[in-house]
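So you can see what is in the structure, the chains are spelled out below.
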Amino acid sequence: MSDDELLTMLQKACFRYYWEAAHPKAGMTLENVPGDDRIVATGASGFGIMALIVGVDRGFISRDQGLERLARIVSFLEKAPRYHGVWSHFMDGETGETLPVFDMFDNGGDLVETAFLMEGLLAARQYFNGPSDGERDLSARISQLWETVEWDWYRRSPQSDALYWHWSPQWSWYINHRLTGFNEAMIVYLLAIASPTHSVPAELYYSGWANQGAAGAKYRRGWSGSSAGGTLHQRPHLLWNQVGRRSRFRRPAFFRSLFLYGL
């Protein structure tokens, strides 16, 4: 088998995971397969949309098939609860109901997972930009979702120098997770700055994600492996803080797809 053939096989296997294992009603990505068939994951669905685009472009499915799946996903998202425009991390694929899988405090908006989802939706809007009524309608509906995400609300206050991960109508900012890098949250700041309706100042990229002050030093303490801070291996709670609570439950879709399809 040539390298090109192997690469195509890997691409197709990853695509098939998102295509075949999606929730039948919502079209969204299931959190685990096998697992609880109700639970769809917001961020993982953003990755699934990216895979859908690849599947169409590689000819694994037709453009009409991809468009139909995306329309189903968007219909689900339009009806699902939003918290100042932000979706929860986990939802019931049948009803859209927010599912606080991690703990009772995680029953509101998840800005990072929403950013992953929106990244996929914006890529789909750019790809499905043909003249047909279906593609025009999809583009307009994605634009509406994009423009109603209130990134600035998750700043907590106009004086804040960073964005925060969660907000709940019941628990407010109780989780209090400031988005500081280096980590997966860079896309949150980029999208928040780029928002045409609810943007944040560009300076927040430097004061928030790339913070070099006290907040950044506290977040990255121990990463260098110095004797003062220790290594991630020596101080596993640092790794816990870096990757977030989600790691307890998630098995990367790429590796799940390899397992499912015998690669």
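Worth saying up front: this structure is predicted, and the values here are computed from it rather than measured.

## Comments concerning helix 1 (residues 3–20)
Argument step 1. Its 18 residues place the ends of helix 1 25 Å apart at the C-alpha level, agreeing with the 26 Å of an ideal helix rising 1.5 Å per residue.
Argument step 2. Residues Ala 13, Cys 14, Phe 15, Tyr 17, Tyr 18 and Trp 19 constitute the buried set of helix 1.

## Section: unusual backbone geometry
Glycine aside, the phi torsion of most residues is negative, and most peptide linkages are trans.
Argument step 1. The peptide bond linking Val 33 to Pro 34 adopts the cis configuration, its omega dihedral lying at -5°.
Argument step 2. Turning to its location among the elements, Pro 34 is positioned in the loop between helix 1 and strand 1 (39–41).
Argument step 3. For the bond running from Gly 181 to Phe 182, omega is 10°, close enough to zero to count as cis.
Argument step 4. Looking at the element boundaries, Phe 182 is found in the loop between strand 4 (166–167) and helix 6 (186–194).
Argument step 5. For Ser 172, which is not a glycine, the phi torsion comes out positive at approximately 55°.
Argument step 6. Here Ser 172 shows up in the loop between strand 4 and helix 6.
Argument step 7. Residue Asn 176 is not a glycine yet carries a positive backbone phi of 55°.
Argument step 8. On the secondary structure map, Asn 176 appears in the loop between strand 4 and helix 6.

Conventions we followed
- Residues numbered from 1 in each chain as written.
- Predicted model: local features only at pLDDT ≥ 70, side-chain atom pairs only at ≥ 80, totals over all residues.
- Heavy atoms only, no water.
- Helix = DSSP H or I, 4+ residues; strand = E, 2+ residues; numbered from the N terminus.
- Expected span 1.5 Å × (residues − 1).
- Buried < 20%, exposed > 50% of the residue type's maximum accessible area, 1.4 Å probe, protein only.

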